[in-house]
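Remarks on the overall topology
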Amino acid sequence: MTSRETHRVVIPKGWPMKNRKDWKSAQIEARQEAGVIGDIGRKRIGQYRYWKRLETHFALVKVSVYPLAVRRQLSDWPERHERAQMWINAEDAALLVDEPELGALIVEFAQSPAARRLAPRRESASKAADAKAPAPAGT
């Protein structure tokens, strides 16, 4: 998906939420920003840094990334009309993000046994084409 203001390719992420674990915040942000619902891992798969554009300055932000096994894509969600979104493979996503650390995390996770465990199991090849892949979400 893209960011709202600069339209860069990003993963769903947000600021930590009061009284919520970081993994839960990431799950909430994935629903609000990308309209995806699924099972989130409680252990982060890594971190990356990026420069966040604020109103008066840029700030270096560290993002913790959690795996999300997407089970459903909503037809409508809060930021649907503010972002572009498409499903692509991990290698292409890694090339499109601006942050090299995030690109490396995407590829490493996609090739990991954990990603294979989270991937939906389908009965036939035609159904497998419709399955949503595990995706990263961050806080």
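Each chain has its residues counted from 1, running along the sequence as written. Per-residue local features are limited, in this predicted model, to residues with pLDDT of at least 70; the limit for side-chain atom pairs, both in listing and counting, is 80 or more; totals at the level of whole chains, interfaces and linings are taken over all residues. As a rule here, side-chain values come from all non-hydrogen atoms in the structure, and water together with hydrogens is ignored.

Brief notes about the overall build of the protein
Our working definition: Numbered from the N terminus, helices here are DSSP runs of H or I no shorter than four residues, and strands are runs of E no shorter than two. The contact criterion used throughout is that any non-hydrogen atoms of two residues lie within 4.5 Å. Only the protein chains shown count as cover for residues, with accessible areas throughout obtained via the Shrake-Rupley method and a probe of 1.4 Å.
Along the protein, the regular secondary structure elements total five helices and four strands. When contacts within the protein are restricted to residue pairs at least 6 apart in sequence, long-range pairs at least 24 apart make up 61% of them. Here the protein has roughly 8900 Å² of accessible surface; of this, 50% comes from carbon and sulfur atoms.

A word on the packing of aromatic side chains
Within a pair of aromatic rings, the relevant descriptors are the distance that separates the centres and the angle that separates the planes. The line we're drawing: Each aromatic pair joins two rings of Phe, Tyr and Trp (for Trp, the six-membered one) with centres within 6.5 Å, and gets the label stacked for planes under 30 degrees apart, edge-to-face for over 60, and tilted for any other angle. For a ring to carry a charge above it, either NZ of a lysine or CZ of an arginine must fall within 6 Å of the ring centroid while also lying within 35 degrees of the normal to the ring plane.
According to the stated counting rule, one finds one aromatic pair in the structure shown. An angle of 35° between the planes, with centres 6.1 Å apart, marks the rings of Y48 and Y50 as tilted. The lysine or arginine in question, K13, covers the ring of Y50, its NZ or CZ lying 5.0 Å from the ring centre.

Section: the pattern of salt bridges
A side chain with one charge can pair with a side chain of the opposite charge if their charged atoms come near. Where we set the bar: Here a salt bridge means any side-chain nitrogen of Lys or Arg lying within 4 Å of a carboxyl oxygen belonging to Asp or Glu. Relative accessible area decides the class of each residue, using a 1.4 Å probe on protein chains only: under 20% of the type maximum gives buried, over 50% gives exposed, and in between gives partly exposed.
A full pass over the atoms with the stated rule returns eight salt bridges. Between R4 and E79 there is a salt bridge; the shortest N-O distance is 3.9 Å. Taken together, the positions of R4 in the segment before α1 (22–34) and E79 in the loop between β3 (58–73) and α2 (90–96) put the pair 75 residues apart, joining distant regions of the chain. Owing to a relative accessible area of 43%, R4 belongs among the partly exposed residues under this scheme. Among the salt bridges present, the one from R8 reaches D98, with a minimum N-O distance of 3.8 Å. Placement of the pair is R8 in the segment before α1 and D98 in the loop between α2 and α3 (100–110), with a sequence separation of 90 residues.

Points about the environment of A110
Among the structural elements, A110 can be located in helix α3. The spacing of A110 and P67 is 43 residues in sequence and 9.9 Å in space, taken between C-alpha atoms. Residues in contact with A110, not counting those within four places in the same chain, are A90 and A115.

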